[in-house]
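For reference, the chains in residue letters:
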Amino acid sequence: MKAAVQLNASANNSVVRQLRDRIGTDKVEDDELVLTTYASDISTSPAHRPSCVVFPVNRGDVVAVLQTANEHRIPVSVMSGGVNVVGACIAPEGGIVIDLHRMDKLLEINTDSGYAVVEPGLNFDRFTAALAEKGFRCSLPTAPGGASPLANYLSRPSGSLSNRHLDCIQDLEVVLPDGTFFHTGSSAFPNVGSQLRYGPFPDLAGLFTCGYGTLGVVTKAALKIYPINESNRINLAAFDKFEDAVDFVKDIINNNIPEHSIIWNWQLFKSFEVGLVDGEYKIPKEIRLDPRKPPKGIPYNIVSTFMSGYEESMRANDKICAKVAAKFGGRVLSKKEAEKVIPGGVAGWTELYGHYRPVEPTFFGLGRYLAWIVLTEPKAVKELEKWAVKEFLEFDSSPICYYAQPFDYGRAMFFRIFCFADPKNQKLGDRIVAKYREMYDIAMKQYGAVPMRVKQGFPSLDLVGGYGDALTRIKRAFDPNNILSPNMGIFEEVIR
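Described in the following lines is the structure provided in the data block. The model shown is predicted, which means the values in this text are computed figures rather than measured ones.

Turning to the overall build of the protein chain, a few remarks are in order. Scanning the protein chain from terminus to terminus reveals 14 helices and 21 strands. Computed over its C-alpha atoms, the radius of gyration of the protein chain comes to 23 Å, within 12% of the 23 Å expected for a compact globule of 496 residues. When its C-alpha atoms are laid out on the principal axes, the protein chain stretches across 70 × 55 × 50 Å. Evaluated residue by residue, the protein chain yields a buried proportion of 54% over its 496 residues. The long-range fraction of contacts in the protein chain, counting pairs at least 24 apart against all pairs at least 6 apart in sequence, stands at 72%. Accessible surface for the protein chain amounts to roughly 21,300 Å². Of this, 51% is attributable to carbon and sulfur atoms. Once the 56 positive and 57 negative side-chain charges of the protein chain are each reduced to a mean point, those two points are 4 Å apart.

This part takes up the sheet that holds strand β1 (residues 28-29). Strand order in the open sheet formed by four strands is β1-β2-β4-β3, and the pairing between neighbours is mixed. Strands at the two margins of the open sheet, each flanked by one partner only, are β1 and β3 (76-79). Direction of pairing for strand β2 (residues 52-54) relative to strand β4 (residues 96-99): parallel, over a ladder of three bridges. Each bridged residue has a counterpart across the sheet, and for Val-54 the counterpart in β4 is Ile-98. Its contacts with the sheet place helix α3 (residues 59-72) against β2, β3 and β4, and it is angled at close to 170 degrees to β4.

Time to look at the layout of surface pockets. Here the second largest pocket is characterised by a volume of approximately 820 Å³. Lining the second largest pocket are 32 residues, with Arg-156, Thr-209, Cys-210, Tyr-212 and Tyr-467 positioned closest to its centre. Looking at the lining of the second largest pocket, the elements that each hand over two or more residues are α6 (205-208), β21 (450-451) and α14 (466-478). The class makeup of the residues in the lining of the second largest pocket is 22 nonpolar, five polar and five charged.

A cluster of nonpolar residues, Phe-189, Val-192 and Phe-201, forms a patch on the protein surface that exposes about 270 Å² of accessible area. Following the sequence through the fold, Phe-189 ends up in the loop between β9 (181-183) and α6. Looking at Phe-189, the relative accessible area reads 35%, which means it is partly exposed.

What follows covers the sheet that holds strand β8 (residues 169-175). In spatial order, the strands read β5-β6-β10-β8-β9; together these five strands make up an open sheet with antiparallel pairing. Because the sheet does not close on itself, it has two edges, and the strands there are β5 (106-110) and β9. The sheet shows a mean angle of 15 degrees between the axes of neighbouring strands, direction not considered. The strands touched by α3 are β8, β9 and β10 (217-224); relative to β8, the strand with the most contacts, the crossing angle is about 50 degrees. Against the sheet, helix α4 (residues 124-133) contacts β5, β6 (115-118) and β10, and its axis sits at roughly 35 degrees relative to β5.

On to the pairing of strand β13 (residues 260-265). Of all six residues in β13, six are buried, a share of seventy percent or more. By the alternation rule, side chains of β13 split into His-260, Ile-262 and Trp-264 and Ser-261, Ile-263 and Asn-265, which are all buried. Where β13 lies against strand β16 (residues 301-309), six bridges are found, and the strand directions are antiparallel. Opposite Asn-265, over in β16, you have Asn-301 as the bridge partner. Sheet topology places β13 next to strand β19 (residues 401-407); two bridges connect them, and they run antiparallel. From the neighbouring strand, Trp-264 faces β19, where its bridge partner is Tyr-403.

With the rule as written, the count across this model stands at 27 aromatic pairs. Between Phe-392 and Phe-395, the aromatic rings sit 5.0 Å apart at their centres with planes inclined by 70 degrees, giving edge-to-face as the arrangement. Phe-395 shares its class with Phe-392; the two are buried. Linked through ring pairs, Trp-264, Phe-272, Trp-349, Tyr-403, Phe-407 and Phe-414 together constitute an aromatic cluster. Over the aromatic face of Phe-181 sits the side chain of Arg-59, whose NZ or CZ is 3.7 Å from the ring centroid.

Looking now at empty space enclosed by the protein. Per the counting criterion, the structure on display carries two cavities of 30 Å³ or more. Approximately 50 Å³ is the volume attributed to the largest cavity. Lining the largest cavity are Arg-137, Cys-138, Leu-140, Ser-160, Leu-161, Phe-306, Leu-352, Tyr-353 and Tyr-356.

This next bit is on unusual backbone geometry. Between Gly-199 and Pro-200 the backbone carries a cis peptide bond, its omega angle lying at 5 degrees. Secondary-structure assignment places Pro-200 in the loop between β9 and α6. Cis geometry marks the peptide bond from Ser-398 to Pro-399, where omega comes out at 0 degrees. Take Pro-399: it is sitting in the loop between α12 (378-392) and β19. If you check the backbone angles, Asp-396 has positive phi at about 55 degrees while not being a glycine. Following the sequence through the fold, Asp-396 ends up in the loop between α12 and β19.

Helical geometry: 3.6 residues make up each α-helical turn, so side chains three or four residues apart lie on a common side. When the terminal C-alpha atoms of helix α7 (residues 242-254) are compared, their 19 Å separation across 13 residues agrees well with the 18 Å that a helix rising 1.5 Å per residue should span. Residues of α7 that are buried include every one of Phe-242, Ala-245, Val-246, Phe-248, Val-249, Asp-251, Ile-252 and Ile-253, and no others.

Moving on: the state of the cysteines. Within this structure, the stated rule accounts for zero disulfides. This cysteine, Cys-138, is not joined by any disulfide, and Cys-168 carries the nearest cysteine sulfur, 7.9 Å off. Classification of Cys-138 as buried rests on a relative accessible area of 3%.

Relative orientation and spacing of two packed helices are given, respectively, by the angle between their axes and the distance between those axes. Where α7 meets helix α9 (residues 311-327), the closest approach of the two axes is 9 Å, and the angle between their N-to-C directions is 140 degrees. When the interaxial angle is binned, α7 and α9 end up oblique. Of the two elements, α7 crosses α9, and the hand of that crossing is right-handed. Contacts between α7 and α9 involve Phe-248, Asp-251 and Ile-252 on the former and, on the latter, Cys-321, Val-324, Ala-325 and Lys-327. Each residue belonging to the contact of α7 with α9 can be placed in one class, and the counts come to five nonpolar, no polar and two charged.

Analysis parameters
- Residues numbered from 1 in each chain as written.
- Predicted model: local features only at pLDDT ≥ 70, side-chain atom pairs only at ≥ 80, totals over all residues.
- Heavy atoms only, no water.
- Helix = DSSP H or I, 4+ residues; strand = E, 2+ residues; numbered from the N terminus.
- Rg over C-alpha atoms; globule rule 2.2 N^0.38 Å.
- Buried < 20%, exposed > 50% of the residue type's maximum accessible area, 1.4 Å probe, protein only.
- Contact = heavy atoms within 4.5 Å.
- Areas by Shrake-Rupley, 256 points an atom, 1.4 Å probe, with all protein chains shown as cover.
- Lys, Arg positive; Asp, Glu negative; His and termini not counted.
- Charge placed at Lys NZ, Arg CZ, Asp CG, Glu CD.
- Pairing = 2+ DSSP bridges.
- Axes fitted to C-alpha atoms, helices over the stretch in contact; angles between N-to-C directions.
- 1 Å grid on protein atoms, 1.4 Å probe; cavity = no way out; pocket = protein on both sides within 12 Å on 5 of 7 lines; lining within 4 Å.
- Points joined across faces, edges and corners; volume = space filled by probe spheres on them.
- Nonpolar A, V, L, I, M, F, W, Y, C, P; charged D, E, K, R; others polar.
- Patch = residues over 30% accessible without salt bridge, like charges linked within 9 Å, V, L, I, M, F, W, Y side chains within 5 Å.
- Salt bridge = Lys/Arg side-chain N within 4 Å of Asp/Glu carboxyl O.
- Phe/Tyr/Trp six-rings, centres within 6.5 Å; stacked < 30°, edge-to-face > 60°.
- Lys NZ or Arg CZ within 6 Å of the ring centre and 35° of its normal.
- Expected span 1.5 Å × (residues − 1).
- Disulfide = S-S within 2.5 Å.
- Parallel < 35°, antiparallel > 145°, perpendicular 65-115°, else oblique.
- Left-handed = near helix turned anticlockwise from the far one by under 90°.

Following this line, the structure appears as structure tokens:
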């Protein structure tokens, strides 16, 4: 397979002119300020200045850009909402950034079959507002309202319905480097909607989920939506031990109570109180303490359990949560007590779960957000939590925040732990990232855990045997010039 190339200045200018001729001058930018803006994000990933940034407004524009890039073997990276925190949208030096934020239409809300057809630039704020008018909702991540639902869901969501409804993707429209475009679900048939993800043919949507733009550019999608029920509840249960909180969550899931449950550590839910006051960040003193030892009166973990349905079932479920919490040494917090202990958390959870709206995190002002995320079995996550907190103490970057949640009725447990490094201390950021790699290796070997997502080539396809070989064959067929998101590093070890 041929490798993507970096053009000299003359060839680059020629490509920019060609792109402007094909899609319009106003959709192609090579201004120095623009290129510098797109060279980096808030991650520790090295900055790479692209040769140009293109702003398609429809599928035809995307086809033209990819065909041009493929002809000249120029690497491309794709972004949607612009909420980028892990370096995934930084193009290789001299590459092209395809910014899809102008493709922001909500094309259809199908309340009968329960899906909405969207473009990649549509954000959660607009999406949730439009759905609410129809009496519907979607899975909401712990991401700001400006984030792209499609981009979030394609990266494997950890959102507000992942207890039961892990995969939010129903149907995709995908463009390949040679300009071929197709639908992955039932809308591939003439005059048919997106009510089926697959059948009678294999499921191709899964191929592009967690593909990180390396196999094709998604220009439209049908996303699953859900009706807003008559009533809802946010039950809060306090625990002094993480393992007890895990057992509580497993029990209520096995009895079909929650739509979603999250176990929050105390430094995270206290961090919800961080906020701007007179231009300065107000930071609770407690979050600088040892995360293993919460102050008196503060539970080690709080489990937020979201439930919805008829009011009668909600009242019954509240009683069940109290019963099960006591069974595992915990207790349900009254509304008054919760507002006293975690006012910021109560406000945020009410917005996220009660009103089905994204919540803007306030704690990013604490420093550079650096997260470590894995999935493992419920029994393994109990020991992994103790080990991960101990490892993070080496960073001296309080607070140390984590949350855990069940995926797919508790078949796996998601665990995200993060700290906030001084953004001016590059050496510390680099040390933390290097430590994360080491921790992933240990987590896979000792706790049967796998990383949530790929970050710059880790984990390697070499780890997964024949799966890696099969995926590489698909990559060669779809993208023989290797122009699609080579910065992700997924195929760098296996493509020659």
